[in-house]
Amino acid sequence: METPGSQTSLHRANLERVVRAVRMAGSLTQAEIARSTGLSAATVSNIVRELKDGGTVEVTPTSAGGRRARSVALSGDAGIVIGVDFGHTHLRVAIGNLAHQVLAEESEPLDVDASSAQGFDRAEQLVNRLIAATGIGQDKVIGVGLGVPGPIDVESGTLGSTSILPGWTGINPKEELSGRLGVPVYVDNDANLGALGELVWGSGRGVRDLAYIKVASGVGAGLVIDGQIYRGPGGTAGEIGHITLDEAGPVCRCGNRGCLETFAAARYVLPLLQSSHGPDLTMERVVQLAREGDPGCRRVVADVGRHIGSGVANLCNLLNPSRVVLGGNLAEAGELVLGPIRESVSRYAIPSAARQLSVLPGALGARAEVLGSLALVLSEMGDSTLLDSPLPAGAPAFT
């Protein structure tokens, strides 16, 4: 038994600090490990040597600042994590190792709104197919990150709003998928996972306070405060789509009038153009036409940007983030939507908050949420398994 404050417990704590730093970053040089953990270079060198000998990490030559260095990453054999992203119209699954490499990834169309049972059946099949494709045993699965397009009630573990996914009423996504796969499952909403994905690998790298705005069939925000996802005590933080813009506006699915979602979400925006552009119009097509110069689509995209900017201005006044990342199909419009967002922020936000804010498109595109699901497992899993059960020592990076 380790005595608190003993050399043994201190050594164990230092081992965990190094493994945690490498686990979250994917790979670090020894100098970067020393800076991020506060440990001395000599201590880091000794710990890395011990972890390498035990098969927990792999060390490869690299360069940093023009000087030779050693890059440290968790062993590719240490285990795998799985990301599952349910969108309203798609299912995407990815498998990655602890060195932040994607080993397999696949997406397929799915009407998630229709039936939770069908959704979980398809997810189970796709997960098992991709695991088989990697040739890695099921026993190497450490955990699954699960993203759903709606807020999760913290107390019950069910979807917090039956109006968002009526076919999922009473379903506990975590228990359902964990029971099917037999491994730990960590669940969050798609906006939070998009924020986590962009924070770790995308447009949010290097900042500790940001908001990820997801615009699709609904509008949501994933909030990062001091480097951590902020969910609120009930798990519903970030529902920016239900900020009231016009008390006499259209009735929202939440029951209120004039929510931001009724001015920005696809289900409300597309009807504005369908009489002139046809009933089969999609947001992807609207963005494409806007970029090609279509005046109606450009006007609608700009209007949506201005409305989103009003909501972002409220976030700036309340939370003062340093960066806002726009995700979803709308981000592909680039400055056609980002410019109007910035204009509204400049007009409605406190000047000091607006000056400190940068508004960027997401770097990960449609993969943001599934990569965020992988990041969720990496952030939630403990280090004890890696340290207590060391294992013997051509895939694309997460980015």
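Under an unreviewed UniProt entry, the name given to the chain is ROK family protein, and the source organism is Streptomyces maoxianensis. The heading Sequence similarities (unreviewed entry) in the UniProt record of the chain holds the text "Belongs to the ROK (NagC/XylR) family."

Let us look at the overall build of the chain. A count of helical and extended segments in the chain gives 15 helices and 13 strands. Taking 2.2 N^0.38 as the reference for a compact globule, 399 residues should give roughly 21 Å; the C-alpha atoms of the chain span a radius of gyration of 22 Å, in line with that estimate. With the C-alpha coordinates aligned to their principal axes, the bounding extent of the chain is approximately 70 × 50 × 40 Å. Burial analysis of the chain (399 residues in total) assigns 50% to the buried set. When the accessible surface of the chain is totalled, it reaches about 17600 Å², and 49% of it is carbon and sulfur. The average position of the 33 basic charges and that of the 41 acidic charges among the side chains of the chain differ by 8 Å.

To continue, consider the packing of aromatic side chains. Inspection of the entire model under this criterion finds 1 aromatic pair. An angle of 80 degrees between the planes, with centres 5.5 Å apart, marks the rings of Phe86 and Phe120 as edge-to-face. Here Phe86 is found in strand E4 (residues 80–86), whereas its partner Phe120 is found in helix H4 (residues 116–134), with 34 residues between them in sequence. Accessibility assignment for this pair places Phe86 and Phe120 in one class, buried.

Moving on to the environment of Cys316. Along the chain, Cys316 turns up in helix H11 (residues 295–319). On the basis of relative accessibility, which here comes to 2%, the residue Cys316 falls in the buried class. Separated by 106 residues in sequence, Cys316 and Leu210 have C-alpha atoms that sit 10.0 Å apart. Residue contacts for Cys316: discarding those within four places in its chain leaves Pro321, Val345, Ala349, Ala353 and Leu357.

Taken in spatial order, the 5 strands make up an open sheet running E11-E10-E9-E12-E13, and their pairing is mixed. Strands at the two margins of the open sheet, each flanked by one partner only, are strand E11 (228–230) and strand E13 (358–361). The average angle at which neighbouring strand axes cross in this sheet is 25 degrees, direction not considered. In this sheet, strand E10 (residues 219–225) lies alongside strand E9 (residues 210–215) in antiparallel orientation, the contact comprising 6 bridges. Directly across from Ile213, in E10, lies its bridge partner Ala221.

Another point: the sheet that holds strand E2 (residues 57–64). What the 3 strands build is an open sheet, ordered E1-E3-E2; its pairing is antiparallel. Taken across any chain shown, the strands that pair with only one partner, and hence form the sheet edges, are strand E1 (27–29) and E2. Strand-to-strand twist of the sheet, defined as the mean angle between neighbouring strand axes without regard to direction, takes the value 30 degrees. Where E2 meets strand E3 (residues 67–74), 8 bridges bridge the pair, whose relative direction is antiparallel. In the sheet register, Ser63 faces E3, and the bridge partner there is Arg68.

On to a nonpolar patch on the surface, then. Where nonpolar side chains cluster on the molecular surface, the patch consists of Ile225, Tyr230, Leu318 and Leu319 and spans about 390 Å² of accessible area. Tyr230 gets classed as partly exposed once you look at its relative accessible area, which sits at 39%.

The rules behind these values
Residues numbered from 1 in each chain as written. Predicted model: local features only at pLDDT ≥ 70, side-chain atom pairs only at ≥ 80, totals over all residues. Heavy atoms only, no water. UniProt positions renumbered as here; feature names shortened; annotations may be inferred. Helix = DSSP H or I, 4+ residues; strand = E, 2+ residues; numbered from the N terminus. Rg over C-alpha atoms; globule rule 2.2 N^0.38 Å. Buried < 20%, exposed > 50% of the residue type's maximum accessible area, 1.4 Å probe, protein only. Areas by Shrake-Rupley, 256 points an atom, 1.4 Å probe, with all protein chains shown as cover. Lys, Arg positive; Asp, Glu negative; His and termini not counted. Charge placed at Lys NZ, Arg CZ, Asp CG, Glu CD. Phe/Tyr/Trp six-rings, centres within 6.5 Å; stacked < 30°, edge-to-face > 60°. Contact = heavy atoms within 4.5 Å. Pairing = 2+ DSSP bridges. Axes fitted to C-alpha atoms, helices over the stretch in contact; angles between N-to-C directions. Patch = residues over 30% accessible without salt bridge, like charges linked within 9 Å, V, L, I, M, F, W, Y side chains within 5 Å. Salt bridge = Lys/Arg side-chain N within 4 Å of Asp/Glu carboxyl O.

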